[in-house]
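Close look at the chain arrangement
So you can see what is in the structure, the chains are spelled out below.
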Amino acid sequence: MTKTRSQKAAPLPLDSIIAGDCVEAMNALPENSIDLIFADPPYNLQLRGDLHRPDNSRVDAVDDHWDQFASFQAYDQFTREWLAAARRVLKPDGAIWVIGSYHNIFRVGASLQDMGYWILNDVVWRKSNPMPNFRGKRFTNAHETMIWASKSEGAKYTFNYEALKALNEGVQMRSDWVIPICNGGERLKDANGDKAHPTQKPEALLHRVLVGATNPGDVVLDPFFGTGTTGAVAKMLGRHFIGIEREEAYRKVAAERLRHVRKYDREALQVSTSKRAEPRVPFGQLVERGMLRPGEELFSMNGRHKAKVRADGTLIGEDVKGSIHQVGAHLEGAPSCNGWTYWCFRRDGKTVPIDLLRQQIRSEMI
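Residues numbered from 1 in each chain as written. Predicted model: local features only at pLDDT ≥ 70, side-chain atom pairs only at ≥ 80, totals over all residues. Heavy atoms only, no water.

The name given to the protein chain in an unreviewed UniProt entry is Methyltransferase, with the source organism recorded as Pseudooceanicola nanhaiensis. What UniProt states about the protein chain under its Sequence similarities (unreviewed entry) heading is, verbatim, "Belongs to the N(4)/N(6)-methyltransferase family." The record in UniProt for the protein chain states the following under Catalytic activity (unreviewed entry): "a 2'-deoxyadenosine in DNA + S-adenosyl-L-methionine = an N(6)-methyl-2'-deoxyadenosine in DNA + S-adenosyl-L-homocysteine + H(+)". (UniProt positions renumbered as here; feature names shortened; annotations may be inferred.)

Written out as structure tokens, the structure reads:
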């Protein structure tokens, strides 16, 4: 019987720009290998002729060949093909962000759902400095929409809730983000002084996405890499990136841009986490390690109750015994109690919360 040698999966081309068609390039990547995809596909703007300002100057609108499709059906076919390739490379707990305008985002959203993705949120990027509607026949188009989706219904995904809350001055992050469009020194120019790319996204937008939906070391794929905003922010934040771009001019600008990007130091890359994400420390470990002794008394923070520590990490009070949570709840006549914040002990005449001992153990786990 002849044995066939299994082929090893090709390594991921981390921190590089792949030249070529995004579908072909994604299909060449290993299956289930990407943590997050940020996609900024052509919007299919369907522009008809030049756009002029009131002073008759011409607007540098998006009329590039890569944004032109023969019909909605052709655009839908293109969308399904790249979304299928993207879904194949996403890890089971990976996620995708797709940005678009009213021209295309609803069609993309329908395709996402048809193909088994599970939409988590739509996020409105409200531009604080949008381009006005020069003809005065419509509302000023002041926002774009991002769809955030997991690979399938019920799939796990990364969401750094506390980090986003910290970015928003301690308030829960909403799904409407006010961020200016890319301009000033951040706007990349070509050799002629013109925009290097007509739809360059601001780094602030990608910073929020990557801080909120990835962790350091994750692999972020951008199948429409353009001038490399996703790669630049990923590199700064200690994430790996893979960019795919078929236009040589954009690849050159992106490569030069990335050459000057430096990663933040390790300490600066740490973000706020929820209490649930911290390592679990049983109260019994404090007793095992001699931080608290069997027979030592604990006192409620409100000063009304006390209980004695037992050798197995339980407490015993006047008419109750059990865990630090159970005893605290019983003494307060409450349905539940967080024993870590309820109990304290005394050292050298000072009252010390037992949670300080838990934090000491957690610091040793990092």
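Mapping T145 onto the fold places it in strand β5 (residues 143-150). In contact with T145, other than residues within four places in its own chain, are V98, I99, G100, I105, D122 and V123. (Helix = DSSP H or I, 4+ residues; strand = E, 2+ residues; numbered from the N terminus. Contact = heavy atoms within 4.5 Å.)

With that settled, the discussion passes to the environment of K308. Positionally, K308 belongs in strand β10 (residues 306-309). Residue classification places K308 among the partly exposed residues on the basis of a relative accessible area of 39%. It is 4.5 Å that separates the C-alpha atoms of K308 and E297, two residues lying 11 residues apart in sequence. (Buried < 20%, exposed > 50% of the residue type's maximum accessible area, 1.4 Å probe, protein only.)

Quick look at helix α2 (residues 72-89) now. An α-helical segment advances 3.6 residues per turn. Residues three or four places apart therefore align on the same side. The end-to-end C-alpha distance of α2, which contains 18 residues, comes to 26 Å, matching closely the 26 Å that a straight helix rising 1.5 Å per residue would cover. When α2 is considered as a whole, its buried residues turn out to be Y75, D76, F78, T79, W82, L83, A85, A86 and V89. On its buried face, α2 is in contact with α1 (22-27), β2 (34-39), β3 (90-100), α3 (105-114) and β7 (219-222). (Expected span 1.5 Å × (residues − 1).)

Residues L36, W97, M146, W177, L205, V209 and L210 are the most contacted members of the largest nonpolar core, which totals 34 residues. Elements that contribute at least two residues to this core include exactly β2, β3, β4 (118-126), β5, α4 (161-167), α5 (203-213), α6 (229-236) and α7 (248-259). Looking at which element gives the most residues to this core, the answer is α5, with six residues. With near-sequence residues (within four places) excluded, M146 lies in contact with F38, W97, V98, I99, N121, D122, V123, W177, L205 and V209. Core analysis: the second largest hydrophobic core is formed by 30 residues, V23, M26, A86 and I96 among them. (Core = buried A, V, L, I, M, F, W, Y, C linked by side-chain atoms within 4.5 Å.)

Running from N to C, α5 and α6 cross one another at 55°; their axes reach a closest spacing of 9 Å. As the angle between them shows, α5 and α6 are arranged oblique. Of the two elements, α5 crosses α6, and the hand of that crossing is right-handed. Only T229, T230, A232, V233, A234 and M236 of α6 make contact with α5, whose side of the interface consists of E203, L206, H207 and L210. (Axes fitted to C-alpha atoms, helices over the stretch in contact; angles between N-to-C directions. Parallel < 35°, antiparallel > 145°, perpendicular 65-115°, else oblique. Left-handed = near helix turned anticlockwise from the far one by under 90°.)

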